[in-house]
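Summary of structural features
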Amino acid sequence: AQSVSQHNHHVILSEAASLELGCNYSYGGTVNLFWYVQYPGQHLQLLLKYFSGDPLVKGIKGFEAEFIKSKFSFNLRKPSVQWSDTAEYFCAVRSDNTDKLIFGTGTRLQVFP
Amino acid sequence: EPEVTQTPSHQVTQMGQEVILRCVPISNHLYFYWYRQILGQKVEFLVSFYNNEISEKSEIFDDQFSVERPDGSNFTLKIRSTKLEDSAMYFCASRMVGSTNEKLFFGSGTQLSVL
């Protein structure tokens, strides 16, 4: 069965620090990969996605993620976080034979000014 | 940006009662989904719906659950006899027709509390 692991449950950073959130998945076939963000009191929003092509994907708000197939990973990065990045971040995967997303448990990011 | 609307934002019910969670997907979208998130746990897929029928459902989506698109604009999730473990945040989502590359839009969720 497919699964998604996010190893960092809670991350606390100061503004301007660099961010990397880990995401690993288990599925041997073709996958689509996603990062969603949920700001306090708001809905899930798509940050970025990978379907094919360049494994380094750039998303909104300065976020990027790198798909490393050999490591089954899709880590999210941002070189310099802001206070407004405080939110919950979810990694998700969809295999090529289904329409459903499998989510990780999420990582809560707190950024202090 | 267009939005998926969910009502109510918070619903409290007694165990054994029926609840209906309502969603208004984006108007030109034709694929609809329900996900849920139990506090502290993962967001879990419940069901997908297209062309007035369920296209995929998870093990969670048992006979106590049903979905409906009653009037062409609303998309509802009904839980016939709620259990304590149904307490969760329920998210509706929708996307356009086309390949699964299309962006999925989520609503803000309905927090269901079963007492």
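One structure accompanies this document, and this report is about it. Not measured: the values here are computed from a predicted model.

1. Re the packing of aromatic side chains
- Inspection of the entire model under this criterion finds 18 aromatic pairs over all chains.
- Relative to F106(B), the ring of F103(A) has its centre 6.2 Å away and its plane inclined at 75°; by these criteria the two rings are edge-to-face. Remark: F106(B) occurs in strand β10 (residues 105–106) and F103(A) occurs in strand β11 (residues 102–103); the pair is interchain, linking two chains. Pair check on accessibility: F103(A) and F106(B) agree, each one buried.
- By the ring-pair criterion, three or more aromatic residues cluster together here, those being F34(A), Y36(A), F51(A), F90(A), F103(A), Y35(B), F45(B) and F106(B).
- Its guanidinium or amino end placed over the ring of Y31(B), R95(B) lies 3.9 Å from that ring's centre, counting from NZ or CZ.

2. Some words on the state of the cysteines
All names here are of chain A.
- According to the stated counting rule, one finds 2 disulfides over all chains in the structure shown.
- The side chain of C23 participates in a disulfide bridge whose partner is C91; the two sulfur atoms lie 1.9 Å from each other. Measuring the twist about the S-S bond at about -65°, one finds the C23-C91 disulfide to be left-handed. Pair noted here: C23 is in the loop between β3 (19–21) and β4 (24–26) and C91 is in strand β10 (residues 87–95), with a separation of 68 residues, a long-range link.

3. Observations concerning the environment of L39(B)
- Tracing the backbone through its elements, the reader meets L39(B) in the loop between β4 (31–37) and β5 (43–50).
- For L39(B) and S87(B), which are 48 residues apart along the polypeptide, the C-alpha to C-alpha distance reads 8.3 Å.

4. Comments concerning the nonpolar core
- Counting residues in each nonpolar core, the largest one holds 29 residues, and the members touching the most others are W35(A), L48(A), F74(A), L76(A) and Y89(A).
- Counting only elements with at least two residues in this core, the list comes to β2 (10–14), β3, β5 (31–38), β6 (44–50), β8 (64–68), β9 (73–78), β10 and β12 (107–112) of chain A.
- With sequence-adjacent residues up to four places away left out, F74(A) is seen in contact with C23(A), L33(A), F34(A), W35(A), L48(A), Y50(A), V57(A), A65(A), E66(A) and F67(A).
- In this structure, C23(B), W34(B), V67(B) and L77(B) belong to the second largest nonpolar core, which totals 23 residues.

5. A short note on the interface of chain B and chain A
- Listed per partner, the contact involves 19 residues of chain B and 18 residues of chain A.
- For the pairing of chain B and chain A, the buried interface totals around 1,700 Å² over both sides, and the portion due to carbon and sulfur atoms is 53%.
- Ranking the residues of chain B by area buried against chain A places K42(B), V43(B) and F106(B) at the top, with a combined share of 30%.
- Our count for the contact surface shared by chain B and chain A stands at 1 salt bridge.
- Joining chain B to chain A, the criterion identifies 6 residue pairs in polar contact (both at pLDDT 80 or more).
- Within the residue set of the side of chain B that touches chain A, elements represented by two or more residues are β4, β5 and β9 (88–95) of chain B.
- The element contributing the most residues to the side of chain B that touches chain A is β4(B), with 4 residues.
- Looking at side-chain class alone, the side of chain B that touches chain A contains 8 nonpolar, 6 polar and 5 charged residues.

Calculation criteria
- Residues numbered from 1 in each chain as written.
- Chains lettered and ligands numbered in written order.
- Predicted model: local features only at pLDDT ≥ 70, side-chain atom pairs only at ≥ 80, totals over all residues.
- Heavy atoms only, no water.
- Phe/Tyr/Trp six-rings, centres within 6.5 Å; stacked < 30°, edge-to-face > 60°.
- Helix = DSSP H or I, 4+ residues; strand = E, 2+ residues; numbered from the N terminus.
- Buried < 20%, exposed > 50% of the residue type's maximum accessible area, 1.4 Å probe, protein only.
- Lys NZ or Arg CZ within 6 Å of the ring centre and 35° of its normal.
- Disulfide = S-S within 2.5 Å.
- Core = buried A, V, L, I, M, F, W, Y, C linked by side-chain atoms within 4.5 Å.
- Contact = heavy atoms within 4.5 Å.
- Buried area = accessible area lost by both parts, 1.4 Å probe.
- Salt bridge = Lys/Arg side-chain N within 4 Å of Asp/Glu carboxyl O.
- Polar contact = N/O pair within 3.5 Å; in protein donor to acceptor, adjacent residues only side chain to side chain.
- Nonpolar A, V, L, I, M, F, W, Y, C, P; charged D, E, K, R; others polar.

Structural measurements only, silent on function.
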